[in-house]
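# Structural overview
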Amino acid sequence: MSANPAAQTSRAPSAAFILKKSLISALVALVLFSLMIGVRTEAGPDGQLTYWTRFGDLAAIVAAVFGGSILIELFRQWWGPVDTARIVPAPVQGALSLAGRLIAPVLLAFTFLVPVLFYDERYILDLGILVLTYVMLGWGLNVVVGLAGLLDLGYVAFYAVGAYSYALLATNFGLSFWICLPLAGILAAFWGVLLGFPVLRLRGDYLAIVTLAFGEIIRLVLINWQSLTGGPNGVTGIPRPTLFGIPLTPGDDGLAAMLGIEFSPTHRIVFLFYLILALALLTNWVTIRLRRLPIGRAWEALREDEVACRALGINTTTTKLTAFATGAMFGGFAGAFFATRQGFISPESFTFHESALVLAIVVLGGMGSQLGVALAALAMIGGFELFRGLDQYRMLVFGMAMVLLMIWRPRGLIGHRAPTVFLERKEAISSDLVKEGHG
Amino acid sequence: MSGDSILSVDRLSMRFGGIVAVNDLSFNAERRKITALIGPNGAGKTTVFNCITGFYKPSSGAIGLTHDDGHAIRLERLDDFRIAKLAKVARTFQNIRLFPGMTALENLMVAQHNALMRASGLTFLGLIGAPSWRTAEQAAIDLATTWLDRIGLLDRADDAAGNLPYGDQRRLEIARAMCTEPALLCLDEPAAGLNARESAALSELLLSIRADQGTSILLIEHDMSVVMEISDHVVVMDHGVKIAEGTPKHIRDDPKVIAAYLGTDEEEAIAVMESGT
C-alpha cells in the first residue's frame, strides 16, 4: 500500500462531489432504464404491438442507483483502494500479517482433513474436487499469465487435449490412468509449443485473440472429427482410475475386498479428492521451484521487459515456448483427471467459459501469486455454490462481489510479489512496481 | 587506425524508408580501451548502437568482433540475443530498462541466465536440486554481490529495482550488463540525468571496469566532462556520417566538430574559436 498524502487530501469527502457523481450515475441509469424498464412492449392478441409505461418502477430504480452511488462513494472514502494502510490500526495490521503467514499452512491442513471431516457428505467432497481442479488449472495458467505475462484466453484447449488424450488412449488401447497421465501432459505441452510458435511475435490484445481462436479451433475439431472423437456425443465409458492397478470396485479384486473392509462408493470419491490434491500440489511445487531457477526468473524478466531480456542474451522465443508448454502440461494433467473423474467427456465441457473462468481466477487471485490463485479458486467456485439459493440473482451477486473486490484490490487478492532470491531480508515487492506484461 | 581492435564497423549504412540514419560509417574500437561515440542529437549514434547490438539489421555494411582468443564473429548476421550470448556484447539503454518489479539482486541474477541455464542442466538438474546446481547458484549470487558492492548498492540488494533512485538505477544497469561477463560493453548515454558528483563516480566505475575486467567499452555520451576524462578514442558523428575521430584532445580542437555542435559553418566556428582564445 503506497501512502500518498497528496492523493488522499484530494479524495477528502466533499458533499458536492458525491452529489455530483451520484446525479451523473442516476442520469445514466435513467437513460439506460427508461426503455428497458420504463416502457414495456408485448405482442397483442392480433399480433400488433402493445405497450404500456411503468414509470413507478423506473423512478424506484433511478432512486436506488442515486442512493446506492452515494453509499458507494461514502464507502470508498472510508475504505478506499489507496488508504487502507492508514485506516487499519497497527495491531489489526499485525494480526492480519500473522494471519497472512498462517493462511497457507492452515488451508493446506484443512484441505487434507476435508475427506475425514465430511466423509458422509458427498456434495462437499464433490465440490472440493471441483475447487481443487480449478486451483490446479489456475496454478497452471498462472505460469503463462502470471509469471511470463502472456495473456492466454484459450487455456481450455490444453485441458481438452489432456482430457481427450486420456479418454482416447484408455478406451482405444486400454492404457491405464497412470501411463496416460504423463502422456496427456506431454501431448498438451506439445500442443502448447505448437500454439506458441505462431503467436510468438504477437503481443497483448493480438496474442489474446489468437489464443482465443486456438481454444475454439480445438473445440471445433473435437466436434467435427466424428470418427476419432465421437463428435458432439463425446467419449463414454472412460475407465475409472485405479490405485496403481487395484480398482476401486465392489468386486473381489477391488481395494475394499483386499483390505477386508466393506465397499462404499465414497472410497472412490475420497481417492479422487486426494489424487487431484496431489496433482495440484505437484503443480504448486514445480512452479515454486521453477521460479527460483533461471527459467522462472527469465519468465518474470520477460514480463517486466522483453527488450532488456534480449539485450542480456536470453532467447525470448524458447523462454516463451517453455512457459506455454509448462502451463499446457499442467492443463493436460488436469484434463486427464477430469476425464477419469467424469467417465464421460464431450466438447461441451471445453467452451470459452472455462478459459474465462480460469483466467478470472488468476487475475482475481493476483497474477503470479500461488496462494492468491488458490483463494480465488475457492471463492469463485466455492462462493458460486454458496449463492446457489439465490437462483437467478446468483450471477448478479457474484458480479457485484467481483466489482467490489476489484475496487478494493485492483491487482488481485495478493498483488505483491515475493522475491525469488535475497541476501538479507525477504521483502514483498509492491504491486505498483510489478509489470503485468504485454503478451 | 593501427592496434588491436575488438570491434570494427565497416561501411555501415542504415536506412529507414527514405531516411538515411547512418551513411557509410567506418570506425574501430580498440581492445581494453574506452571508445566514445559523440555527436549532436539525431546524428545516428543510437542507430549505430542498435546495429551493433543486433536490435536493427543494417541495410549494408559489416560489423566484426574479434575476441581475445582471435575468434572473429560477424555481428550483422546474428540476432540480438545471440550477439549478447555468443559474441559477448552487453548493452545498456538510453532510457533505463531494468526489471522494476524484481530486486536489484534478481536483476543481476537474470543477467547470468545463460550460464545458470547450463549449470541447471536446462532446468532439470535444478528442479531436483542437484549439488552442482546449488554451487553454481551460490557462485552466481556471489558474483552479483560483488557487483552490488562495487556500485555501492549492497545494502539495497533486496529492494525492488524500480524503487532505487535514478543514479543508482543507471549504475545497476551497468552492473547488470557486466554480470553477463561481456567482451564489449556498450553504454548508451550512461551519464544522462546524473549530477556532477554521480558523473564523477560513473567515470571512476568505467575506468575500474576497463582496468580490472579488461572489458572494452563503447559509449555514447553527451556529457563532455565524462567523455574527455575517460575516453581513449573519440568518434564524432553528424547527420549519419563520421566527421572526425581521434584522441579527446584532438577532437576538442577540431573546427568541424565545433561547427557540428554549434550548427554553424566551419569558417564561423574557427572564428568563434579564435576569438575565444
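A quick note: this is a predicted structure, and the numbers were derived from the prediction, not measured.

### Some thoughts on the overall build of chain B
Along its length, chain B carries twelve helices and ten strands. A globule of 277 residues ought to have a C-alpha radius of gyration of about 19 Å, and chain B, at 20 Å, matches this closely. Dimensions of chain B, computed from the C-alpha atoms along their principal axes, are close to 70 × 40 × 35 Å. Looking at chain B as a whole, 49% of its 277 residues qualify as buried. By sequence separation, contacts in chain B at least 24 residues apart represent 65% of the contacts at least 6 residues apart.

### Concerning the interface of chain B and chain A
Accessible area lost upon the coming together of the parts serves often as the stated size of an interface. With 33 residues of chain B at the interface, the matching set in chain A holds 32 residues. Breaking the side of chain B that touches chain A down by element, the ones donating at least two residues are helix H2 (80-85), helix H3 (104-111), helix H4 (113-119), helix H5 (124-127) and helix H6 (131-150) of chain B. The residue inventory of the side of chain B that touches chain A, partitioned by class, reads 15 nonpolar, twelve polar and six charged.

### Description of the packing of helix H7 (residues 156-173) of chain A against helix H9 (residues 204-224) of chain A
Residues and elements named next belong to chain A. Running from N to C, H7 and H9 cross one another at 30°; their axes reach a closest spacing of 8 Å. Comparing their axes, H9 and H7 come out roughly parallel. Contacts between H7 and H9 pair Val156, Ala157, Ala160, Val161 and Tyr164 from the former with Phe214, Gly215, Ile218, Arg219 and Leu222 from the latter. Residue composition of the contact of H7 with H9, by class: eight nonpolar, one polar and one charged.

### Points about the sheet that holds strand E10 (residues 241-246) of chain B
Residue and element names in this part refer to chain B. Pairing is mixed in the open sheet, where six strands are placed in the order E6-E7-E8-E3-E9-E10. Either end of the sheet is taken by a strand with one partner, and the two such strands are strand E6 (89-91) and E10. Sheet twist, expressed as the average angle between the axes of neighbouring strands with direction ignored, equals 20°. Sheet analysis places E6 next to strand E7 (residues 184-188), joined by three bridges and oriented parallel. In the strand pairing of E7, Ala90 is matched with Leu185.

### Quick look at the sheet that holds strand E1 (residues 5-16) of chain B
All names here are of chain B. Taken together, four strands build an open sheet; the order of strands is E2-E1-E4-E5 and the sheet is antiparallel. Looking at strand neighbours, the two that pair on one side only are strand E2 (19-30) and strand E5 (72-74), the edges of this open sheet. The mean inter-strand angle of the sheet, taken between neighbouring strand axes irrespective of direction, is 15°. Two strands pair when backbone bridges link them, and E1 and strand E4 (residues 60-66) are joined in this way by five bridges, in the antiparallel orientation. Opposite Ser13, over in E4, you have Ser60 as the bridge partner.

### Examining the domain arrangement of chain B
All names here are of chain B. Once the domains are mapped, chain B shows domain 1 (1-88 + 182-248) and domain 2 (100-181). Relative to domain 2, the C-alpha centre of domain 1 lies at a distance of 25 Å. Put simply, the parts of the chain that give the side of domain 1 that touches domain 2 at least two residues each are H2, E7 and helix H8 (196-213). Ranked by the residues each element gives to the side of domain 1 that touches domain 2, the list is headed by H8, at three residues. Of the residues contributing to the side of domain 1 that touches domain 2, the split by class is eight nonpolar, one polar and three charged.

Each value, and the rule that gives it
Residues numbered from 1 in each chain as written. Chains lettered and ligands numbered in written order. Predicted model: local features only at pLDDT ≥ 70, side-chain atom pairs only at ≥ 80, totals over all residues. Helix = DSSP H or I, 4+ residues; strand = E, 2+ residues; numbered from the N terminus. Rg over C-alpha atoms; globule rule 2.2 N^0.38 Å. Buried ≥ 20, exposed ≤ 12 C-beta atoms within 10 Å, placed from the backbone. Contact = placed C-beta atoms within 7 Å. Nonpolar A, V, L, I, M, F, W, Y, C, P; charged D, E, K, R; others polar. Axes fitted to C-alpha atoms, helices over the stretch in contact; angles between N-to-C directions. Parallel < 35°, antiparallel > 145°, perpendicular 65-115°, else oblique. Pairing = 2+ DSSP bridges. Domains from an automatic or database assignment.

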